[in-house]
Amino acid sequence: MLSGSTVKTTMLFPIEIKQEVEALARELKVSMTAFVLDSIKEHMQKIEATRWEKAAAMMAAEYESDDDLKEWSGFVGDIHD
């Protein structure tokens, strides 16, 4: 079931892919729309996870090469003089 605002979109598929999508949707007992939307959402989540992994790797490298960041990464709690 669709939630929120929707817009009708026309997409062109190679015949073989459309037939496979139809077959998979029938097998899963969902509409083609639900199957395609779920597939797109899943792919988008994978892309987002990859982006976060790349950002984390970049920051890890930054922490390894920046002495100030190394010092702050070991900081625990507040220190009052």
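Residues numbered from 1 in each chain as written. Predicted model: local features only at pLDDT ≥ 70, side-chain atom pairs only at ≥ 80, totals over all residues. Heavy atoms only, no water.

1. A short note on the overall build of the chain
The secondary structure content of the chain amounts to 3 helices and 0 strands. Counting from the amino terminus, helix and strand elements in the chain follow one another as α-α-α. Within the chain, the fraction of its 81 residues that count as buried is 5%. Split by element, the accessible area of the chain, about 7,800 Å² in all, is 59% carbon and sulfur. (Helix = DSSP H or I, 4+ residues; strand = E, 2+ residues; numbered from the N terminus. Buried < 20%, exposed > 50% of the residue type's maximum accessible area, 1.4 Å probe, protein only. Areas by Shrake-Rupley, 256 points an atom, 1.4 Å probe, with all protein chains shown as cover.)

2. Quick notes on a nonpolar patch on the surface
Residues Met11, Phe13 and Ile17 make up a contiguous nonpolar surface patch of about 270 Å² in total accessible area. Mapped onto the elements of the fold, phenylalanine 13 is located in the segment before helix H1 (15-28). The partly exposed category is assigned to phenylalanine 13, whose relative accessible area is 33%. (Patch = residues over 30% accessible without salt bridge, like charges linked within 9 Å, V, L, I, M, F, W, Y side chains within 5 Å. Salt bridge = Lys/Arg side-chain N within 4 Å of Asp/Glu carboxyl O.)

3. A word on H1
The terminal C-alpha atoms of H1, which comprises 14 residues, lie 20 Å apart, in line with the 20 Å expected from a rise of 1.5 Å per residue. Just beyond H1, the residue with positive phi is lysine 29, at close to 60°. (Expected span 1.5 Å × (residues − 1).)

4. Considering the pattern of salt bridges
Throughout the structure, instances matching the rule amount to 3 salt bridges. The partner of lysine 18 in a salt bridge is glutamate 22, and the shortest N-O contact between them spans 2.5 Å. Here the residue lysine 18 and the residue glutamate 22 both occupy positions in helix H1, the gap between them amounting to 4 residues, near one helical turn. Classification of lysine 18 by relative accessible area gives partly exposed; the value is 36%. When its relative accessible area of 25% is taken as the criterion, glutamate 22 is described as partly exposed.

5. So, the packing of H1 against helix H2 (residues 32-65)
Two elements in contact, H1 and H2, have axes whose closest approach is 9 Å; the angle formed by their N-to-C orientations is 100°. Taken as axis vectors, H1 and H2 run roughly perpendicular relative to one another. Of H2, the residues touching H1 (which contributes Lys18, Val21, Glu22, Leu24, Ala25 and Leu28) are Met32, Phe35 and Val36. For the contact of H1 with H2, the residue count by class is 7 nonpolar, no polar and 2 charged. (Axes fitted to C-alpha atoms, helices over the stretch in contact; angles between N-to-C directions. Parallel < 35°, antiparallel > 145°, perpendicular 65-115°, else oblique. Contact = heavy atoms within 4.5 Å. Nonpolar A, V, L, I, M, F, W, Y, C, P; charged D, E, K, R; others polar.)

6. Focus on the confidence of the model for the chain
Predicted coordinates in areas of low pLDDT are best not read in detail. Averaged over all residues, the pLDDT of the chain equals 87, while 84% of them reach at least 70. Highest mean pLDDT in the chain belongs to H1 (97); lowest belongs to helix H3 (residues 67-73) (73). (pLDDT = per-residue confidence, 0-100.)

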